Amino acid sequence: MAILCCYVCDQTINGQYYKDDHGQLCFNCHEPKVKCFTCGKQLAVGKEMRLADYRVTCPVCYAEAVFAIEQEFVSGLEKILKRSGWYPSGKIIFEIVDLPRLMIENGNSSRTMLGTCNTNVCFNLNVRVSIEHRVRALFGLPRTLFICTLTHELFHAWLNENIDRNVFSAEETEWLCEHGSYLFALEMKFDEFWIRKVVSSRDSFQVDSSFKNKYDVLSAREFVGRLRSA
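About the criteria used
- Residues numbered from 1 in each chain as written.
- Predicted model: local features only at pLDDT ≥ 70, side-chain atom pairs only at ≥ 80, totals over all residues.
- Heavy atoms only, no water.
- Helix = DSSP H or I, 4+ residues; strand = E, 2+ residues; numbered from the N terminus.
- Buried < 20%, exposed > 50% of the residue type's maximum accessible area, 1.4 Å probe, protein only.
- Axes fitted to C-alpha atoms, helices over the stretch in contact; angles between N-to-C directions.
- Parallel < 35°, antiparallel > 145°, perpendicular 65-115°, else oblique.
- Left-handed = near helix turned anticlockwise from the far one by under 90°.
- Contact = heavy atoms within 4.5 Å.
- Nonpolar A, V, L, I, M, F, W, Y, C, P; charged D, E, K, R; others polar.
- Core = buried A, V, L, I, M, F, W, Y, C linked by side-chain atoms within 4.5 Å.
- Salt bridge = Lys/Arg side-chain N within 4 Å of Asp/Glu carboxyl O.
- Phe/Tyr/Trp six-rings, centres within 6.5 Å; stacked < 30°, edge-to-face > 60°.

Draft legend 1. Region of the structure containing unusual backbone geometry. For Tyr54, which is not glycine, the phi dihedral falls at a positive 75 degrees. Turning to its location among the elements, Tyr54 is positioned in the loop between β3 (49–50) and β4 (56–57). Owing to a relative accessible area of 66%, Tyr54 belongs among the exposed residues under this scheme. A positive phi angle is found at Lys189, which is not glycine, with a value near 55 degrees.

Written out as structure tokens, the structure is:
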């Protein structure tokens with residue numbers, strides 16, 4: 001018979017235990033006092049990794065962390081999103097920032113921030129002549145979550161260009177951007193764990209069932225088509 005060991009403390013499991021979302025076994029006696037910021041995995045003291053802004057992450061997420069945005073990466077993402085029927089047409093400036101800066105930009109919201117998008121539009125005689133988006137993403141996110149975060153913020157940029165800001169409430173807008181990220185994750189066949197994380201994040205926004213039913217479609221192209229007719 002295989003010997004079961006607790007993934008937190010490495011001790012042999014002789015009694016009851018639970019299995020976490022990652023399929024790892026843990027003694028019932030442990031409490032999740034130290035958890036990975038991104039994946040939520042419980043960590044033993046001394047086994048955690050700490051980022052520059054003091055976020056705690058597990059070794060696996062740290063090994064996959066993104067600390068810089070390369071042009072090749074942006075070009076690849078742009079190509080995929082255009083194939084799905086949408087991508088902002090204006091200039092986009094990408095930045096990677098720490099958690100305190102994101103929280104300040106969002107008015108110290110109680111929500112955990114992973115990114116922001118600010119859009120500036122210039123007009124001349126009521127004609128739009130230029131548009132610029134500043135997309136910021138949290139540094140140190142695992143690559144899959146980082147891509148989903150960028151997709152979410154780029155969808156904000158696309159909405160700002162194509163949909164009147166008064167059409168949707170703030171909660172509806174966030175739901176739409178996270179749903180766009182979810183459809184992208186499905187198309188890219190990302191790991192089921194991260195897809196569930198995106199779904200959980202999307203469903204945390206308070207929108208009514210009729211709104212969800214209208215936009216919860218099977219393809220990104222159909223999703224964008226419905227938004228264009230909003």
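Draft legend 2. Seen up close, the packing of helix α2 (residues 71–83) against helix α4 (residues 143–162). Packing of α2 against α4 brings their axes to within 12 Å, and their N-to-C directions diverge by 60 degrees. As far as their axial angle goes, α4 and α2 are oblique. Crossing handedness for the pair α2 and α4: right-handed. Contacts between α2 and α4 involve Phe73, Leu77 and Leu81 from the first element and Arg143, Phe146, Ile147, Leu150, Thr151 and Leu154 from the second. Tallied by class, the residues present in the contact of α2 with α4 amount to 7 nonpolar, 1 polar and 1 charged.

Draft legend 3. Main features of the nonpolar core. Residues Leu154, Phe155, Leu176, Tyr215, Phe223 and Leu227 are the most contacted members of the largest nonpolar core, which totals 58 residues. Looking at this core, the element that brings in the most residues is α4, giving 10 residues.

Draft legend 4. Molecular detail of the environment of Cys61. Within the secondary structure, Cys61 is located in helix α1 (residues 59–63). For Cys61, a relative accessible area of 3% translates into the label buried. Along the chain, Cys61 and Thr144 lie 83 residues apart, while their C-alpha atoms are 9.9 Å from each other.

Draft legend 5. Representation of the pattern of salt bridges in the model. One pass over the structure, following the stated rule, counts 9 salt bridges. One salt bridge connects Glu48 with Arg50, and the closest N-O pair in it is separated by 3.6 Å. Two residues, Asp203 and Arg202, come together in a salt bridge whose shortest N-O distance is 3.0 Å. The class of Asp203 is partly exposed, set by a relative accessible area of 37%. Taking relative accessible area as the criterion, Arg202 reaches 9% and is therefore assigned buried. Among the ionic contacts, a cluster of salt bridges with common partners joins Glu95, Arg101, Arg134 and Arg136.

Draft legend 6. Inspection of the packing of aromatic side chains at higher detail. The tally for this structure, following the rule as stated, stands at 12 aromatic pairs. Seen in terms of ring centroids, Phe155 and Trp158 are 5.5 Å apart; in terms of plane orientation they differ by 45 degrees. Their pairing is tilted. In this pair, Phe155 and Trp158 both sit in helix α4, 3 residues apart, roughly one turn of the helix. This pair shows no difference in class: Phe155 is buried, exactly as Trp158 is. Aromatic pair Trp175 and Phe211: ring centres 5.7 Å apart, planes at 75 degrees, arrangement edge-to-face. Of this pair, Trp175 sits in helix α5 (residues 170–187) while Phe211 sits in helix α7 (residues 209–215), and the two are 36 residues apart along the sequence. Exposure class is identical for Trp175 and Phe211. Each is buried. Put simply, the rings of Trp86, Phe155, Trp158 and Phe223 pair up and form one aromatic cluster.

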